[in-house]
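Inside the fold
The chain contents come next:
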Amino acid sequence: MNVLDIKDLKIIFRTGDGFVRAVEGVDISIREGERVAIVGESGCGKSVTGLSCMGLLTTPPAYVTAREFTFVSRNGEKHNILEKTENEMLRLRAEEMAMIFQDPSTFLNPVMTIGEQLDEVFVYHMGLKPKQARERSIEMMKKVGIPDPEMRAMQYPHELSGGIKQRILIAMATSLSPRLLIADEPTTALDVTIQAQILNLISERCEKEKMSLLMITHDLGVVREMADRVYVMYCGKIVEEGTVDEILTSPRHPYTKALIDTVPGMDEKVERFVQIPHNVPHPMNKPQGCYFSNRCAYCTELCRTKQPPLYDRGNGRKSRCYFRPEELWEK
Ligand SMILES: Nc1ncnc2c1ncn2[C@@H]1O[C@H](COP(=O)(O)OP(=O)(O)OP(=O)(O)O)[C@@H](O)[C@H]1O
Ligand SMILES: [Mg+2]
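Here's what I pulled together on the structure shown here. (Residues numbered from 1 in each chain as written. Chains lettered and ligands numbered in written order. Predicted model: local features only at pLDDT ≥ 70, side-chain atom pairs only at ≥ 80, totals over all residues. Heavy atoms only, no water.)

Turning our eyes to something else, we now look at the pattern of salt bridges. Summed over the entire model, instances satisfying the criterion amount to 18 salt bridges. Between Arg179 and Glu32 there is a salt bridge, and its shortest N-O distance comes to 2.2 Å. Remark: Glu32 occurs in the loop between β2 (18-31) and β3 (35-39) and Arg179 occurs in the loop between α6 (162-174) and β8 (180-184); sequence separation between them is 147 residues. Residue classification places Arg179 among the buried residues on the basis of a relative accessible area of 8%. The class for Glu32 is partly exposed, based on a relative accessible area of 45%. It is possible to trace a salt-bridge network through shared partners that takes in Arg31, Glu34 and Arg229. (Salt bridge = Lys/Arg side-chain N within 4 Å of Asp/Glu carboxyl O. Helix = DSSP H or I, 4+ residues; strand = E, 2+ residues; numbered from the N terminus. Buried < 20%, exposed > 50% of the residue type's maximum accessible area, 1.4 Å probe, protein only.)

Below, the discussion takes up the layout of surface pockets. When its volume is computed, the largest pocket comes out at roughly 700 Å³. Along the walls of the largest pocket sit 21 residues, with Arg93, Ala94, Phe107, Val121 and Met172 positioned nearest its centre. For the lining of the largest pocket, the secondary structure elements donating two or more residues are α2 (86-95), β7 (97-100), α3 (114-126) and α6. The residue makeup of the lining of the largest pocket, split by class, is 16 nonpolar, 3 polar and 2 charged. (1 Å grid on protein atoms, 1.4 Å probe; cavity = no way out; pocket = protein on both sides within 12 Å on 5 of 7 lines; lining within 4 Å. Points joined across faces, edges and corners; volume = space filled by probe spheres on them. Nonpolar A, V, L, I, M, F, W, Y, C, P; charged D, E, K, R; others polar.)

Another aspect to go through is unusual backbone geometry. Of note, the bond from Thr59 into Pro60 is cis; its omega dihedral lies within 30 degrees of zero at -20°. Counting through the fold element by element, Pro60 comes out in the loop between α1 (46-53) and β4 (62-65). Pro61 follows Pro60 through a cis peptide bond whose omega is 5°. Here the phi dihedral of Glu185 falls at roughly 45°; this positive angle occurs in a residue that is not glycine.

With that settled, the discussion passes to the packing of aromatic side chains. Where two aromatic rings form a pair, the distance of their centres and the angle of their planes describe that pair. Under the definition given, this model contains 6 aromatic pairs. Between Phe101 and Phe107 the ring centres are 4.1 Å apart and the planes differ by 15°, which places this aromatic pair in the stacked class. Given a relative accessible area of 41%, Phe107 falls into the partly exposed group. Summarising the aromatic geometry, the rings of Tyr255 and Phe292 are spaced 5.1 Å apart at their centres and angled 65° between planes, so their arrangement reads as edge-to-face. Here Tyr255 is found in helix α10 (residues 254-262), whereas its partner Phe292 is found in the loop between α10 and α11 (301-305), with 37 residues between them in sequence. A single burial state applies to Tyr255 and to Phe292, both of which are buried. Members of the aromatic cluster, connected to one another through ring pairs, are Tyr234, Tyr255 and Phe292. The side chain of Arg91 reaches across the aromatic face of Tyr124, ending 5.4 Å from its centre. (Phe/Tyr/Trp six-rings, centres within 6.5 Å; stacked < 30°, edge-to-face > 60°. Lys NZ or Arg CZ within 6 Å of the ring centre and 35° of its normal.)

Spelled out as structure tokens, the structure:
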């Protein structure tokens, strides 16, 4: 059964300079217990996609539409996220779906202790009394590997390291065992040595609580560790999708291949750092044909003039490219 079903998601921002088409007709589905990643370079629409699932984009400036935007809660009830009121979303968030972000500092209240902030989750959503709530908070802090939780509970966010703050946010996000956890670049702001620990913690929490995971990242290394299936996004569109194993070993889209080639050691044939030429186009100045055409080593006249559809390549694989790998790099 699917936890999330999104069809033809479009997200447009109204700005002083005109309309920005951040997401242009994206389909995403996540099964119960599945770990799914969205990967792509900066500005391709990953975060706004995640925020739209949580109902966290405000209109204006954001205009969100979809043919379907269904979230199925634990009791089997289907929710159209686009039709929920703010109060209904407040309940769904935390109890059924939760999100962790790149920078934990911005989501912690600087004038409340860590314990008070964790307690709130249990008081508000479970109606616990303060003393019981604190017991649950301490228990949660232990679960996310925070040493000396009784002492930590009395500290303020500025007294904690980035790694501990991210653990606290993971504790808050997963304390009510939501069905879906969305993690948006949860380790990019952290020390490299801490990154693996936090990713392991997220995996462990997902497994224990049987949560589905939507991992948002620009890092294929993270995708390889954290996901079963992946959507490769470029300029607001899905350009390739499939299982992580298949996509990393036999990419079908030149953008995916280029992303793999930028990670040293991902493909043993590529030894040095490789860059994708040029930058992601400005969202108001996307190429006329395939959005990747101006950076693609295999671009043809057709690619420059006509946008390719997302071809079904069988076995759950899709690719938005006119060509097959054997016609391009596997020649
Ligand atoms: N509030 C906003 N107003 C106008 N445009 C916005 C707003 N939020 C996002 N955008 C635009 O939407 C597009 C997608 O942004 P998004 O933050 O989803 O990118 P991303 O893939 O998460 O990138 P990054 O890896 O840098 O986090 C970008 O072009 C961005 O400029
Ligand atoms: Mg982002």
